[in-house]
Amino acid sequence: MPTLEPYANYLRAGLVVLIGMSLGFALTLAALRSGYGFNPLEVGPWVAWPDIGGPDVDPYARAVIARSGEAPLAKEQGLVFVARVDSTGATLDGDCDYTITDPTPPTRFWTIDLAAPDGGAIDWPGGRRGYSSVDVLRRENGAFEIAVSRETRPGNWLSPGAARRFAVVLRLYDVGLDAAARPDAEVFPKILRRGCA
Amino acid sequence: MTIPDRFLVYLPWAIATLLIAAIVHVVSILLMPTLAPRDAFARLSAYATAAKADEKLFVLPAPAPGAAVLPYEDASVVVGVCVYDLTKGLLRVAGPVNGEDYLALSLHARSGRIFHALTDRSAIRGKIDLLIGDERQIESVNNADAEGAKPLEVRVVAPMKRGFVVLRALAKRLSDTPRARAALEAISCARQEPPKD
């Protein structure tokens, strides 16, 4: 049997290229899945990425945006907060009921709606689009509660439909929030779990 | 062969593997905006071509499950888009805003970077009037101005020849949707010829 010894370095080089490339692509995939690059703004369950809406967007965020196909809101137009967990940190589950309660940060307008994990619309026939600061039903003192449930609920109600996984999206339009300072979680809506089917 | 010797033999190969991984990772992240087949620009220009609305403002249909043109759009917002190509001339975006309903305008380069954004609150005298061109085009417009004349429009230099304009009008209530749509349709995107020298 001819020995492979003289070719050992070629084999090693080939292996190095192969492992190096797969490691590189694995890193890229991991980076793309872990959000929009750097500097997330985390407030309780809510996460926003203010830098994706500015001219100084970093290459990681640009790669994620290019892959998802979204056109982000510019920083000076507002902030988009996405919650994939409730206020205790547990992942939102379509089998469970939640209530989203006030307060909201001071802003010109806000909207709250549900989205599929990939950013698509929730599949819910006869679905309601979401609530805005103007059309949400409030109590006398201005407080509000939005029920998230598959079952019909009185008052403000959103349904995740048949989806198991969903996200709650809070959009603050023309908000005076300083993204560089850490906003207080106390002024953001809470997402409370009420029980599971 | 002692253990440190073996380690020294394999060390260069390990370093080479990591170097290749790093290069592959960085290159793939940087190339993503150029290579991603379904980024916002690709989605919108495909939609514009299908709707025969190149360089005209078109209003996107309300997001439907699995059929949203752009992901992560607010269901309470009506979205209008113009896709532009500056090789054919400058782009003028102009129209009235009432300053009462939220209306946001952002200019996106093909790569996904936002290079200019405003909301109705920063509109001058109830009007949006933008002229978008590349550096050379804007310079020739500036040179064509009469001495001491103040331009009526805001002139923006686009970093890339191609890109898109996104207009978002908030419908505060579901019944406001036609009104938000009308607010968008009052704004026009039109090609403007560069001035003759």
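Residues numbered from 1 in each chain as written. Chains lettered and ligands numbered in written order. Predicted model: local features only at pLDDT ≥ 70, side-chain atom pairs only at ≥ 80, totals over all residues. Heavy atoms only, no water.

### Some words on the overall build of chain A
- Counting its regular elements, chain A contains two helices and ten strands.
- Counted from the first residue to the last, chain A has its helices and strands arranged as α-β-β-α-β-β-β-β-β-β-β-β.
- Here the C-alpha coordinates of chain A stretch approximately 90 × 40 × 30 Å along the principal axes.
- Taking all 197 residues of chain A together, the buried fraction comes to 48%.
- Long-range contacts, defined here as pairs at least 24 residues apart, represent 69% of the contacts in chain A between residues at least 6 apart.
- Of the roughly 9,700 Å² that chain A leaves accessible, carbon and sulfur atoms contribute 57%.
- Averaging the locations of the 20 positively and 23 negatively charged side chains of chain A gives two centres separated by 3 Å. (Helix = DSSP H or I, 4+ residues; strand = E, 2+ residues; numbered from the N terminus. Buried < 20%, exposed > 50% of the residue type's maximum accessible area, 1.4 Å probe, protein only. Contact = heavy atoms within 4.5 Å. Areas by Shrake-Rupley, 256 points an atom, 1.4 Å probe, with all protein chains shown as cover. Lys, Arg positive; Asp, Glu negative; His and termini not counted. Charge placed at Lys NZ, Arg CZ, Asp CG, Glu CD.)

### Points about the pattern of salt bridges
- Under the counting rule described, the total for this entry stands at 22 salt bridges over all chains.
- Between Arg153 of chain A and Asp97 of chain A there is a salt bridge, with the nearest N and O atoms lying 2.5 Å from each other. In this pair, Arg153 of chain A sits in the loop between β7 (145-148) and β8 (156-158) while Asp97 of chain A sits in strand β4 (residues 96-101), placing the two residues 56 residues apart along the sequence.
- Given the relative accessible area of 31%, Arg153 of chain A is considered partly exposed.
- The partner of Asp129 of chain B in a salt bridge is Arg92 of chain B, and the shortest N-O contact between them spans 3.1 Å. Of the two residues, Asp129 of chain B sits in strand β6 (residues 127-133) while Arg92 of chain B sits in strand β3 (residues 90-96), which places them 37 residues apart along the sequence.
- When its relative accessible area of 22% is taken as the criterion, Arg92 of chain B is described as partly exposed.
- Each of Asp93, Asp95, Arg150 and Arg164 of chain A takes part in a single network of salt bridges with overlapping partners. (Salt bridge = Lys/Arg side-chain N within 4 Å of Asp/Glu carboxyl O.)

### Structural notes on the nonpolar core
- Membership of the largest hydrophobic core comes to 31 residues, with the highest contact counts inside it found for Phe81 and Val168 of chain A.
- Elements supplying a minimum of two residues to this core: β1 (41-43), β2 (46-48), β3 (78-83), β4, β5 (107-115), β7, β8 and β9 (167-175) of chain A.
- Apart from residues lying up to four places away in sequence, Phe81 of chain A is in contact with Leu41, Val43, Trp46, Val47, Ala48, Val168, Val169, Leu170, Leu172, Leu177 and Phe188 of chain A.
- If you look at the next biggest cluster of nonpolar residues, it comprises 29 residues, including Tyr84, Phe115, Leu118 and Leu167 of chain B. (Core = buried A, V, L, I, M, F, W, Y, C linked by side-chain atoms within 4.5 Å.)

### What to know about empty space enclosed by the protein
- A complete count under the given rule lists one cavity of 30 Å³ or more for this structure.
- What the largest cavity holds in volume is close to 70 Å³.
- Contributing to the lining of the largest cavity are Arg62, Ile65, Ala66 and Glu70 of chain A together with Asp39, Ala40, Phe41, Arg110, Ser111, Gly112 and Phe164 of chain B.
- Among the elements of the structure, α2 (59-68) of chain A together with α2 (40-50) of chain B are those that each provide at least two residues to the lining of the largest cavity.
- For the lining of the largest cavity, the element with the most residues is α2 of chain A, which contributes three residues.
- Looking at side-chain class alone, the lining of the largest cavity contains five nonpolar, two polar and four charged residues. (1 Å grid on protein atoms, 1.4 Å probe; cavity = no way out; pocket = protein on both sides within 12 Å on 5 of 7 lines; lining within 4 Å. Points joined across faces, edges and corners; volume = space filled by probe spheres on them. Nonpolar A, V, L, I, M, F, W, Y, C, P; charged D, E, K, R; others polar.)

### Focus on the environment of Ser34 of chain A
All names here are of chain A.
- Its location among the elements puts Ser34 in the loop between α1 (8-33) and β1.
- As a C-alpha pair, Ser34 and Val64 span 30 residues in sequence and 9.4 Å in three-dimensional space.
- Looking at Ser34, its side chain comes within polar contact range of the main-chain oxygen of Ala31, at 3.0 Å. (Polar contact = N/O pair within 3.5 Å; in protein donor to acceptor, adjacent residues only side chain to side chain.)

### Brief notes about a nonpolar patch on the surface
- Together, Phe7, Leu8, Leu11, Ile15 and Leu19 of chain B make up a nonpolar patch on the protein surface, roughly 490 Å² of accessible area in all.
- Its place among the elements puts Phe7 of chain B in helix α1 (residues 3-35). (Patch = residues over 30% accessible without salt bridge, like charges linked within 9 Å, V, L, I, M, F, W, Y side chains within 5 Å.)

### Focus: the sheet that holds β4 of chain A
Residue and element names in this part refer to chain A.
- Strands sit in the order β8-β7-β4-β10 across an open sheet of four strands; the sheet is mixed. In the strand order of this sheet, the two ends are held by β8 and β10 (190-196), each with one partner. Along the sheet, successive strands turn relative to each other by an average axial angle of 25°, direction set aside.
- Across three bridges, the pairing between β7 and β8 is parallel. Looking at β8, one finds that Val148 is bridged to Leu158. (Pairing = 2+ DSSP bridges. Axes fitted to C-alpha atoms, helices over the stretch in contact; angles between N-to-C directions.)

### Brief notes about the interface of chain B and chain A
- The interface of chain B with chain A comprises 54 residues on the first partner and 54 residues on the second.
- Together, the buried faces of chain B and chain A total about 4,700 Å²; carbon and sulfur atoms form 64% of this surface.
- Three residues, Trp13, Tyr72 and Tyr102 of chain B, lead the burial of chain B against chain A; their summed loss comes to 16% of the area buried on that side.
- In this structure, the connection of chain B to chain A is made through three salt bridges.
- Its salt-bridge partner being Arg108 of chain A, residue Asp120 of chain B comes within 2.7 Å of it at the nearest N-O pair.
- Inspection of the region where chain B meets chain A yields 19 residue pairs in polar contact (both at pLDDT 80 or more). (Buried area = accessible area lost by both parts, 1.4 Å probe.)

### Remarks on unusual backbone geometry
- A cis geometry characterises the amide bond from Asp102 of chain A onward to Pro103 of chain A, with omega recorded as 10°.
- Phi at Asn39 of chain A is positive, roughly 60°, even though this residue is not glycine.
- Locating Asn39 of chain A in the fold gives a position in the loop between α1 and β1.
- For Asn39 of chain A, a relative accessible area of 52% corresponds to the exposed category.
- Located in the positive-phi region is Tyr72 of chain B, a residue other than glycine, with phi close to 60°.
- With respect to the helices, strands and loops of the structure, Tyr72 of chain B is situated in the loop between β1 (58-59) and β2 (77-85).

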